[in-house]
Amino acid sequence: MTTYKLLALDVDGTLVRRDGSIHDEDLRAIQRLQDAGVPVSIATGRLYSGTREVARRIGVLGPIACVDGSHIVHTEGDAHLYSRTISGAEASLLRSITERHATASFLFAQDSIVHDATGAPHVHYVRGWSHAIAEVERVSSHPYWEHDHGLLALVALGTELQVAAAVEEVRSGLGEAAFVVSFPLMRDDQTSLFAMMVRAAGPTKGTAIAWLAEHHGCELSDVVVVGDWLNDVPMFEVAGRSFAMAQAPEQVKQAATDRLKADGLVGGGIAEAIRRAFGH
């Protein structure tokens, strides 16, 4: 039987339920694994400010990967170990694109999120990333655009046409420097709301798992990961063993080595994965 040496967990829909709670069985299983000397880490799309409390609740003492691998922070002392951002001329171009298409924009920088009155009605869509959210007078003139540390991400909301046009400009203007994806947030007979998310190209949850494995002195084949969504696929592709939650889309399940019976709405998936992979 393979002896795995590291467990890395997605947060939303995997470790944390919709109400923000963690299943007691998952908490106990994580504690047993840590007591046995196996480190546990996190790989999430959230900002660190939206993940720190979760990491501490499960006793993670070490680096965790946030913003899909764009930001790695140590939970002891909050030391920033790795960051990949959009800055300089690329940030300026991104600002002009969002201004041109009049999208409601949310800047993710300095471990926080800022928006203006245009984005205020949509704050609940980004609250899952972090509770460090502030309304400013004008996003387009905020100093974060020109900050030396750059932008971790941008989320822009608008109509389907607005977002599609902005995505096309980002792809043509920033090219290989940016990763951009769009998706519908709300669609009914009266309203269609779409989102564009942009971050620096390169980092993924897969690169994050490679970083974490090296930090903990193990091979990628020694790592077990658990997730439920499309951004978890890159870590499924590199880890030695990967578990997809029961509610995960079929294409996500197909990328994993194992499928869990536990659903993220109820919880218990982490305990199931630990039992099957580590025997604890």
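Nothing here was measured: the structure is a model prediction, and the numbers come from that model.

Caption draft 1: A look at the sheet that holds strand β5 (residues 80–83). Spatial strand order, β3-β4-β5: three strands in an open sheet with antiparallel pairing. This sheet does not close on itself; its edge strands, each paired only once, are β3 (63–66) and β5. Each adjacent strand pair in this sheet contributes to an overall mean axis angle of 15 degrees, direction not counted. In the sheet, β3 pairs with strand β4 (residues 71–74) via four bridges, with the strands oriented antiparallel. Directly across from Cys66, in β4, lies its bridge partner His71. Across the sheet, helix α6 (residues 205–215) touches β3, β4 and β5, and the angle it forms with β3 is around 175 degrees.

Caption draft 2: Broad picture of helix α3 (residues 88–100). The terminal C-alpha atoms of α3, which comprises 13 residues, lie 19 Å apart, in line with the 18 Å expected from a rise of 1.5 Å per residue. Looking only at α3, the buried set comprises Ala91, Leu94, Arg95, Ile97 and Thr98. Seen along its axis, α3 keeps its buried residues to an arc of 160 degrees; they face one direction. Buried residues along α3 sit in contact with β6 (104–109), β9 (153–158), α5 (160–174) and β11 (192–200). Ala102 occupies a position one or two residues after α3 and carries a positive phi of about 50 degrees.

Caption draft 3: Expanded view of the packing of aromatic side chains. Applying the stated criterion across every chain, the model contains two aromatic pairs. Aromatic side chains Tyr4 and Phe278 sit 6.1 Å apart centroid to centroid with 70 degrees between the ring planes, which places their arrangement in the edge-to-face category. Of the two residues, Tyr4 sits in the segment before β1 (6–9) while Phe278 sits in helix α9 (residues 269–278), which places them 274 residues apart along the sequence. What makes Tyr4 buried here is its relative accessible area of 12%. Ring geometry for Phe108 versus Trp129: centroids 5.2 Å apart, planes at 85 degrees, classification edge-to-face. Of this pair, Phe108 sits in strand β6 while Trp129 sits in the loop between α4 (123–126) and β8 (133–135), placing them 21 residues apart in sequence. You can call Phe108 buried: its relative accessible area is 3%. The class of Trp129 is partly exposed, set by a relative accessible area of 23%.

Caption draft 4: Representation of the side chain of Thr103 in the model. If you trace the backbone, Thr103 turns up in the loop between α3 and β6. Here Thr103 falls in the buried class, since its relative accessible area comes to 10%. A polar contact is formed between the side chain of Thr103 and the side chain of Ser105, at a distance of 3.4 Å. If sequence neighbours within four positions are ignored, Thr103 has contacts with Thr98, Ala156, Leu157 and Gln162.

Caption draft 5: Here's a closer look at the environment of Ile58. In this structure, Ile58 sits in the loop between α2 (52–57) and β3. As for Ile58 and Leu260, which are separated by 202 residues in sequence, their C-alpha atoms are 21 Å apart. The residues contacting Ile58, other than those within four sequence positions of it, are Leu9, Leu15, Ile22, Leu27, Ile30, Gln34, Val40 and Ile42.

Conventions adopted
Residues numbered from 1 in each chain as written. Predicted model: local features only at pLDDT ≥ 70, side-chain atom pairs only at ≥ 80, totals over all residues. Heavy atoms only, no water. Pairing = 2+ DSSP bridges. Helix = DSSP H or I, 4+ residues; strand = E, 2+ residues; numbered from the N terminus. Axes fitted to C-alpha atoms, helices over the stretch in contact; angles between N-to-C directions. Contact = heavy atoms within 4.5 Å. Expected span 1.5 Å × (residues − 1). Buried < 20%, exposed > 50% of the residue type's maximum accessible area, 1.4 Å probe, protein only. Arc of directions from axis to C-beta. Phe/Tyr/Trp six-rings, centres within 6.5 Å; stacked < 30°, edge-to-face > 60°. Polar contact = N/O pair within 3.5 Å; in protein donor to acceptor, adjacent residues only side chain to side chain.

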